[in-house]
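Observations on the model geometry
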Amino acid sequence: MEQTDLVTRRFDADRGIATLTFNRPEVFNALDIATAKAFEQTAHWLTTLTGLRCVVLTGAGKAFVAGGDVGAFAADPDNADRTLSLILKHMHPAILTLRRLDAPVMTALNGTAAGAGFGLVLASDHVVASSAAKLVLAYDKLGTSPDCGSTWFLSRKLGRLRAFELMLTGRALSADEAQDWGIVNEVARIEDFADAVQARAQRIAAGPTRAFGLFKRLMDAEQPLAAQLEMERDSFMQATGTEDFRAATRGFVDKTPVTFKGR
């Protein structure tokens, strides 16, 4: 398989929706060096798109991403540390690129997300899950520690106690449990999943994209309250200079529907 096929990309310019699909279904989309490199390249590709308003991450076949390619580690244990280092060399910058986009990133959780796949779900702004999906860290089973931002995102989403429980026990969460825990936003029946993903992606893409980018940066900030208040002020002032803000204020006064342009 060509590297460009390991993470396929599609951009619907009319709607502003980009879809990235991990495409190694024969190994449940497990990450090897080539796939991680393809993901980093694809994340960079997103930054070149004009009119991007929503990113959808999903997986081919029955899984989303089953973590690192453990089979490859086992086949060459003496080089497993080098292999993992190279995978993370590409995965971590890709995650940072996604967090820096104005366009919200949505995971269409079609199946199991394990290890680094769980980390990608956590790094998303919105998650629509199939009722068949499961999430598990599984690092305890490998005798290693989490990566791809899992420790940072989990503790912020769940608090330390529950986050450490998932790391300590390797407990798998069903889609419904993940929704109850605040990791998944929506759960759809398998037969309704594709429609639910499209409906949510279209709704996100129709929103004020530049304001959404400000939302993300404010939520990701780690700083004292005084600094956060100043960042909120600066962000609000940036937003008032957008075409979307001007349209929204006119619509509010005139009591007319607003069509956001994402600019």
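Please read all numbers here as calculations on a predicted model, not as lab measurements.

On a plain count of helices and strands, the protein chain comes out with 13 helices and 10 strands. The C-alpha radius of gyration of the protein chain comes to 19 Å, within 12% of the 18 Å expected for a compact globule of 263 residues. For the protein chain, the C-alpha atoms occupy an extent of roughly 65 × 40 × 35 Å along the three principal directions. Across the 263 residues of the protein chain, 46% fall into the buried class. Within the protein chain, contacts between residues separated by at least 24 positions form 70% of all contacts whose residues are at least 6 apart in sequence. Carbon together with sulfur atoms contributes 55% to the accessible area of the protein chain, which is approximately 13,400 Å² in total. Here the protein chain contributes 30 positive and 31 negative side-chain charges, whose respective centroids are spaced 5 Å apart.

The subject of this paragraph is the packing of aromatic side chains. Tallying each qualifying case throughout the model produces four aromatic pairs. Between W152 and F153 the ring centres are 5.1 Å apart and the planes differ by 90°, which places this aromatic pair in the edge-to-face class. Judged by relative accessible area, which is 32%, W152 ranks as partly exposed. Taken together, a centroid distance of 5.5 Å and an interplanar angle of 55° make the contact between F212 and F215 tilted. Residue F212 and its partner F215 are both found in helix 11 (residues 209–220); the two are separated by three residues, about one turn of the helix. Residue F212 is classed as buried on the basis of its relative accessible area, which comes to 18%.

Once that is clear, we can look at the side chain of D244. By secondary structure assignment, the location of D244 is in helix 13 (residues 243–254). Buried charge D244 goes without a salt bridge, the closest partner of opposite sign being R53 at 5.0 Å. At 3.0 Å, the side chain of D244 forms a polar contact with the backbone nitrogen of G262. Here D244 is in contact with P208, T209, F260, K261, G262 and R263, once residues within four sequence places are set aside.

With 12 residues, helix 11 ought to run about 16 Å at 1.5 Å a step, and its terminal C-alpha atoms sit 17 Å apart, in line with that. Those residues of helix 11 lying buried are T209, F212, G213, L214, K216 and L218. Against helix 4 (80–100), strand 5 (105–109), helix 10 (193–205), helix 12 (225–240) and helix 13 lie the buried residues of helix 11.

This next bit is on the sheet that holds strand 8 (residues 134–136). Across the sheet, four strands lie side by side as 4-6-8-9; this open sheet has mixed pairing. Edge positions in the sheet fall to strand 4 (63–65) and strand 9 (173–174), since each has one partner strand and no second. Here strand 6 (residues 112–114) pairs with strand 8 via two bridges, running parallel. Bridge pairing in strand 8 links A113 to L135.

With that settled, the discussion passes to unusual backbone geometry. The backbone of A138 shows a phi angle near 70°, a positive value even though the residue is not glycine. Tracing the backbone shows A138 in the loop between strand 8 and helix 6 (139–142). One non-glycine residue, K255, lies in positive phi territory at about 60°. Residue classification places K255 among the exposed residues on the basis of a relative accessible area of 74%.

A word on a nonpolar patch on the surface. A contiguous nonpolar patch, built from F236, M237 and F245 and spanning about 310 Å² of accessible area, is present on the exposed surface. Along the chain, M237 falls in helix 12.

About the cut-offs
- Residues numbered from 1 in each chain as written.
- Predicted model: local features only at pLDDT ≥ 70, side-chain atom pairs only at ≥ 80, totals over all residues.
- Heavy atoms only, no water.
- Helix = DSSP H or I, 4+ residues; strand = E, 2+ residues; numbered from the N terminus.
- Rg over C-alpha atoms; globule rule 2.2 N^0.38 Å.
- Buried < 20%, exposed > 50% of the residue type's maximum accessible area, 1.4 Å probe, protein only.
- Contact = heavy atoms within 4.5 Å.
- Areas by Shrake-Rupley, 256 points an atom, 1.4 Å probe, with all protein chains shown as cover.
- Lys, Arg positive; Asp, Glu negative; His and termini not counted.
- Charge placed at Lys NZ, Arg CZ, Asp CG, Glu CD.
- Phe/Tyr/Trp six-rings, centres within 6.5 Å; stacked < 30°, edge-to-face > 60°.
- Salt bridge = Lys/Arg side-chain N within 4 Å of Asp/Glu carboxyl O.
- Polar contact = N/O pair within 3.5 Å; in protein donor to acceptor, adjacent residues only side chain to side chain.
- Expected span 1.5 Å × (residues − 1).
- Pairing = 2+ DSSP bridges.
- Patch = residues over 30% accessible without salt bridge, like charges linked within 9 Å, V, L, I, M, F, W, Y side chains within 5 Å.

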